[in-house]
Amino acid sequence: MHEESLIEYPCEFPIKIMGKAKHDLVRVALEIVKQHAPDFDENTMEIRASKGGNYLSITCTIRATSRHQLDQLYYALTDHPMVSLVL
């Protein structure tokens, strides 16, 4: 059975990555995103700290080319021990 996608590719697709505010989280997130979306412009990364400063929210808007690409990126991010949540 072939799943229908509600997303038309290619498209701009925001990915929100959350984790503890450790100094390496941004670097790790960027490395994983660039592996799956090599054309991602790191200057467009949005980084926000939680109110208490314990967590970071990183938004990367990539040019998504396929459902497979997005799935692989989500798996790689969620598998990393520093990443708590990916939306």
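All of the points below concern the structure found in this document. Every value quoted in this text rests on a predicted model; they were computed, and no experiment measured them.

**Here we look at the overall build of the protein chain**
Along its length, the protein chain carries two helices and four strands. Its C-alpha radius of gyration of 13 Å places the protein chain within 12% of the 12 Å reference for a compact globule of 87 residues. In terms of overall dimensions, the protein chain has C-alpha extents of about 45 × 25 × 20 Å along its principal axes. Counting the 87 residues in the protein chain, one finds 31% classified as buried. Of all intrachain contacts in the protein chain linking residues separated by at least 6 positions in sequence, the fraction that spans at least 24 positions is 70%. About 5,900 Å² of surface is accessible on the protein chain, with carbon and sulfur atoms providing 53% of the total. The centroid of the 9 positive side-chain charges in the protein chain is displaced by 11 Å from the centroid of its 12 negative side-chain charges.

**Topic: the environment of Leu-77**
Mapped onto the fold, Leu-77 is located in helix H2 (residues 67-79). Of the residues examined, Leu-77 reaches a relative accessible area of 0% and is grouped as buried. Through-space distance from the C-alpha of Leu-77 to that of Ala-29 is 7.2 Å; in sequence the pair is 48 residues apart. Residues within four places of Leu-77 in sequence aside, it is in contact with Ile-15, Ile-17, Ala-29, Ile-32, Val-83 and Val-86.

**Remarks on helix H1 (residues 25-36)**
The terminal C-alpha atoms of H1 lie 17 Å apart, and with 12 residues this matches the ideal 16 Å at 1.5 Å per residue to within 8%. Within H1 the residues assigned to the buried category are Leu-25, Val-28, Ala-29, Leu-30, Ile-32 and Val-33. Summarising the contacts, the buried residues of H1 are in contact with strand S1 (11-20), strand S3 (55-64), H2 and strand S4 (83-86).

**Re the environment of Ile-15**
Take Ile-15: it is sitting in strand S1. Its relative accessible area of 0% is what places Ile-15 among the buried residues.

**A word on the packing of H1 against H2**
Two elements in contact, H1 and H2, have axes whose closest approach is 9 Å; the angle formed by their N-to-C orientations is 155°. Put simply, H1 runs roughly antiparallel to H2. Once H1 is placed against H2, the crossing between them reads as right-handed. Of the residues in H2, those in contact with Ala-29, Ile-32, Val-33 and His-36 of H1 are Gln-69, Gln-72, Leu-73, Ala-76 and Leu-77. In the contact of H1 with H2, the residues fall into six nonpolar, three polar and no charged.

Cut-offs applied
Residues numbered from 1 in each chain as written. Predicted model: local features only at pLDDT ≥ 70, side-chain atom pairs only at ≥ 80, totals over all residues. Heavy atoms only, no water. Helix = DSSP H or I, 4+ residues; strand = E, 2+ residues; numbered from the N terminus. Rg over C-alpha atoms; globule rule 2.2 N^0.38 Å. Buried < 20%, exposed > 50% of the residue type's maximum accessible area, 1.4 Å probe, protein only. Contact = heavy atoms within 4.5 Å. Areas by Shrake-Rupley, 256 points an atom, 1.4 Å probe, with all protein chains shown as cover. Lys, Arg positive; Asp, Glu negative; His and termini not counted. Charge placed at Lys NZ, Arg CZ, Asp CG, Glu CD. Expected span 1.5 Å × (residues − 1). Axes fitted to C-alpha atoms, helices over the stretch in contact; angles between N-to-C directions. Parallel < 35°, antiparallel > 145°, perpendicular 65-115°, else oblique. Left-handed = near helix turned anticlockwise from the far one by under 90°. Nonpolar A, V, L, I, M, F, W, Y, C, P; charged D, E, K, R; others polar.

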